[in-house]
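# Working through the structure, step by step
Residue-level listing of the chains:
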Amino acid sequence: MKKNILTGLRPTGNLHLGHYFGACQNYLKMQDDYNFYLEIADVQALTDNFNNPEKVRKNVVEITMDLLAIGLDPKKVHFFIQSRIPEIAELTVFYSNLVTVARLQRNPTVKNEIAQKKELFGNQGESITYGFLGYPVSQAADITVFNGELIPVGDDQLPLLEQCREIVRKFNSIYGKTLNEPEQVLSTTTRVKGLDGNEKMGKSLGNAIYLIDDVETVSKKIMNAVTDTSKIKKDDPANPDVCMVYYYHKLVNSKNIDTVCQECKKGHRGCVQCKRELIEAMTNFLKPIQENRKYYEEHPEIVHNILNEGTNAAKKTAEEQMKKVKQAMKIDY
Ligand code: TRP
């Protein structure tokens, strides 16, 4: 029996290199060996985009096309839409009795996100909704309603998994052993830095290269990327380790990386030339992904079918699990 893998993505924007190298490469490796559920977490996206439903709806399809374009195979991966599995919402309600408000407020991921909101929106950041505070409970339901055993996530999600395991233990101790504790699978690649040198590439930071970016967009972004600021003239020697252009060369132009590094250190390579070469390597890297994507853009009905079939398969699993949950809770009338 293949183990169940489950992960989720919030449909709030297209995939960028940070997603690709930080997470999706791992999914590609895992799709052959596991029973893979990939949740397009629209309900979770609505927790902080409830006033922008068009954005979430549009991105359900956008992100699915991105995931298909990078090579995830719908024969191996169940792509499903969270809101179409009402069992998740139902289980969230049952779990909400098993977790205290204080514990949610102490969850480091939630705490961080609240702090970020305060930074972005000032005092308005104080108005945290019940739904937002409770999204770790909903995520625990996401995972356990499919008996998710292995959960590929970034390290920012670890407190959410710990919270999930606590809920599982509490449930089992009250209602009898029904649920399995999920384990994380941490990404083997490191977090991708932004074009500005920020530790994280992110949409809100405006420092990302998207998988759908065309040549012009890629060129503009790379031309503005942060390089070694101590290098003034074209033939000054520089330190590639503080240069984002070199950093991206390492990601998409690894076969030439020694040349890039040595020439930079010796002052035999100007930044403009180096950026031009990176633009070419980056465009070549993105090209096959964008060609695959074009097929799905031209055939949206195929994308809808994939989401329908994945959702139907996911719903079956969720229904079976809910039977067990309700039996254990003595609400199987
Ligand atoms: N919270 C995750 C994120 O923001 C997305 C997500 C939703 C998820 N449901 C999940 C991740 C279940 C792992 C398992 O990236």
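Summary of the structure given here. (Residues numbered from 1 in each chain as written. Predicted model: local features only at pLDDT ≥ 70, side-chain atom pairs only at ≥ 80, totals over all residues. Heavy atoms only, no water.)

On to unusual backbone geometry. Within the chain, Asn-147 stands out as a residue other than glycine whose phi angle is a positive 50°. If you trace the backbone, Asn-147 turns up in the loop between helix 8 (135–144) and strand 4 (150–153). Overall, Asn-147 belongs to the partly exposed group, its relative accessible area being 22%. Of note, Lys-330 is a non-glycine position whose phi angle comes to about 60°, a positive value. Mapped onto the fold, Lys-330 is located in the segment after helix 14 (300–328). (Helix = DSSP H or I, 4+ residues; strand = E, 2+ residues; numbered from the N terminus. Buried < 20%, exposed > 50% of the residue type's maximum accessible area, 1.4 Å probe, protein only.)

The topology assignment puts Glu-113 in helix 6 (residues 108–121). Buried charge Glu-113 goes without a salt bridge, the closest partner of opposite sign being Arg-10 at 4.3 Å. Not counting residues up to four positions away in its chain, the partners in contact with Glu-113 are Arg-10, Phe-132 and Tyr-135. (Lys, Arg positive; Asp, Glu negative; His and termini not counted. Salt bridge = Lys/Arg side-chain N within 4 Å of Asp/Glu carboxyl O. Contact = heavy atoms within 4.5 Å.)

The next subject is the packing of helix 8 against helix 9 (residues 158–175). At their nearest, the axes of helix 8 and helix 9 sit 9 Å apart, and the two run at 70° to each other. Between helix 8 and helix 9, the angle falls in the class roughly perpendicular. Within the contact between the two elements, helix 8 uses Tyr-135, Pro-136, Val-137, Gln-139, Ala-140, Ile-143 and Thr-144 and helix 9 uses Leu-160, Leu-161, Gln-163, Cys-164, Ile-167 and Val-168. A breakdown of the residues in the contact of helix 8 with helix 9 according to their chemical character gives ten nonpolar, three polar and no charged. (Axes fitted to C-alpha atoms, helices over the stretch in contact; angles between N-to-C directions. Parallel < 35°, antiparallel > 145°, perpendicular 65-115°, else oblique. Nonpolar A, V, L, I, M, F, W, Y, C, P; charged D, E, K, R; others polar.)

So, on to the packing of helix 4 (residues 86–95) against helix 14. Here helix 4 crosses helix 14 at 25°, and the two axes come no closer than 9 Å. As summarised for this structure, helix 4 and helix 14 are arranged roughly parallel, according to the angle between their axes. Seen along the crossing, helix 4 lies across helix 14 with a hand that is left-handed. Facing helix 4, whose interface residues are Pro-86, Glu-87, Glu-90, Leu-91 and Phe-94, helix 14 presents Lys-315, Ala-318, Glu-319, Met-322, Val-325 and Lys-326. Among the residues forming the contact of helix 4 with helix 14, the class breakdown is six nonpolar, no polar and five charged. (Left-handed = near helix turned anticlockwise from the far one by under 90°.)

Next up on the list: the packing of aromatic side chains. A full pass over the atoms with the stated rule returns eleven aromatic pairs. Centroid distance Tyr-20 to Phe-21: 5.1 Å. Interplanar angle 85°. Geometry classified as edge-to-face. The same class applies to Tyr-20 and to Phe-21, which are both buried. Summarising the aromatic geometry, the rings of Tyr-247 and Tyr-248 are spaced 5.4 Å apart at their centres and angled 85° between planes, so their arrangement reads as edge-to-face. On the basis of relative accessible area, Tyr-248 is assigned to the buried category, the value being 1%. Among the aromatic residues, ring-to-ring pairing joins Tyr-20, Phe-21 and Phe-285 into one connected group. Across the ring face of Tyr-135, the terminal group of Arg-10 is positioned such that the distance to the ring centre comes to 4.7 Å. (Phe/Tyr/Trp six-rings, centres within 6.5 Å; stacked < 30°, edge-to-face > 60°. Lys NZ or Arg CZ within 6 Å of the ring centre and 35° of its normal.)

Right, let's talk about the site of the ligand for a bit. The ligand sits among 13 residues. The nearest are Arg-10, Gln-44, Gln-139, Asp-142 and Gln-157. Interatomic distance of 2.8 Å between a side-chain N/O atom of Gln-139 and a nitrogen atom of the ligand. Those elements that place two or more of their residues in the shell around the ligand are strand 1 (4–9), helix 8 and strand 4. For the shell around the ligand, the residue count by class is five nonpolar, five polar and three charged. (Near = heavy atom within 4 Å. Polar contact = N/O pair within 3.5 Å; in protein donor to acceptor, adjacent residues only side chain to side chain.)

These results come straight from atomic positions and should not be treated as a statement about function.
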